[in-house]
Amino acid sequence: MQIEAQHLSKRYNREWIFRNLSHQFEKNSRTGIIGSNGSGKSTLLKILAAAEIPSEGKLFYKFIEGNLKHETIYKHLSFAAPYMDLPEQLNVEELFHFHSTFKPFQKELSLGKFLELLYLVDSKNKAIKYFSSGMKQRLKLGLAICSTSSLLILDEPCSNLDKAGIALYWKLVEEFGKERTILIGSNEQADELQNIDTFINLLDFK
């Protein structure tokens, strides 16, 4: 998927978060969206995911069959962020099967392989509400990265991860991120921003 952003701006009340951002996100590229806390990274990613409306500007999503309507973008994207909630009353097995009904996994990924990849074999039947923050983040990343979607959006993907979790994150991106347009929001953490094609620094759009 290719995304063309034209003069995007966002404000809350009278405060502009960012202004006049234009960029073409090329198909199958990796873009790092960087800036300090409060700079608008998460807001921009939500706008690019068609989950939030810009105050000014336009977005065009270009796919194989032409431009996509904004209300259909969710069918083509996967999104992971530390602030996203999981259905905590479910266990991993239940969530895996529920997720696969509306967003299939790549490579016909089985539940067993999914659990092995995320180091969650021993937690197969544990309710997600009992998971640690790191386990929840691994699960969010696994669901997003391993899904079949042409657009992958990751907001601060290494939040709550230890060194093993960060290594797992990059293993998943390299194995399941091929031929996808990937957007990564980060506070300029090197662990999150490897093999990036283009950077957007939101401080340039204040």
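Since the structure is predicted, the reported quantities are computational estimates derived from the model, not experimental observations.

Draft legend 1. A look at the sheet that holds strand E5 (residues 66-68). If you walk across this open sheet you meet the 4 strands as E2-E1-E4-E5, and the pairing is antiparallel. Strands with a single pairing partner mark the edges of an open sheet, and in this sheet they are strand E2 (15-25) and E5. For this sheet, the mean angle separating the axes of adjacent strands, direction not counted, is 25 degrees. As defined by bridge partners, strand E1 (residues 2-12) adjoins strand E4 (residues 56-63) across 6 bridges and the pair is classed as antiparallel. Considered in E4, the bridge of glutamine 6 is made with lysine 58. Contacts between helix H1 (residues 41-48) and the sheet are confined to E1, E2 and E4, with E1 contributing the most and set at about 130 degrees to the helix.

Draft legend 2. Representation of the environment of isoleucine 64 within the structure. Within the secondary structure layout, isoleucine 64 lies in the loop between E4 and E5. Isoleucine 64 sits in the exposed class, given a relative accessible area of 75%. C-alpha separation for the pair isoleucine 64 and glutamine 2, spaced 62 residues apart in sequence, amounts to 9.5 Å.

Draft legend 3. Spotlight on the pattern of salt bridges. One pass over the full model with this rule turns up 5 salt bridges. Ionic pairing is found between lysine 10 and glutamate 52, a salt bridge with its closest N-O pair at 3.7 Å. Separated by 42 residues along the polypeptide, lysine 10 in strand E1 and glutamate 52 in the loop between H1 and E4 bring together distant segments of the chain. Linking glutamate 174 and arginine 30 is a salt bridge whose minimum nitrogen-to-oxygen distance equals 3.0 Å. Taken together, the residues span a long stretch of sequence, with glutamate 174 in helix H5 (residues 163-176) and arginine 30 in strand E3 (residues 30-34) at a distance of 144 residues.

Scoring rules and cut-offs
- Residues numbered from 1 in each chain as written.
- Predicted model: local features only at pLDDT ≥ 70, side-chain atom pairs only at ≥ 80, totals over all residues.
- Heavy atoms only, no water.
- Pairing = 2+ DSSP bridges.
- Helix = DSSP H or I, 4+ residues; strand = E, 2+ residues; numbered from the N terminus.
- Axes fitted to C-alpha atoms, helices over the stretch in contact; angles between N-to-C directions.
- Contact = heavy atoms within 4.5 Å.
- Buried < 20%, exposed > 50% of the residue type's maximum accessible area, 1.4 Å probe, protein only.
- Salt bridge = Lys/Arg side-chain N within 4 Å of Asp/Glu carboxyl O.

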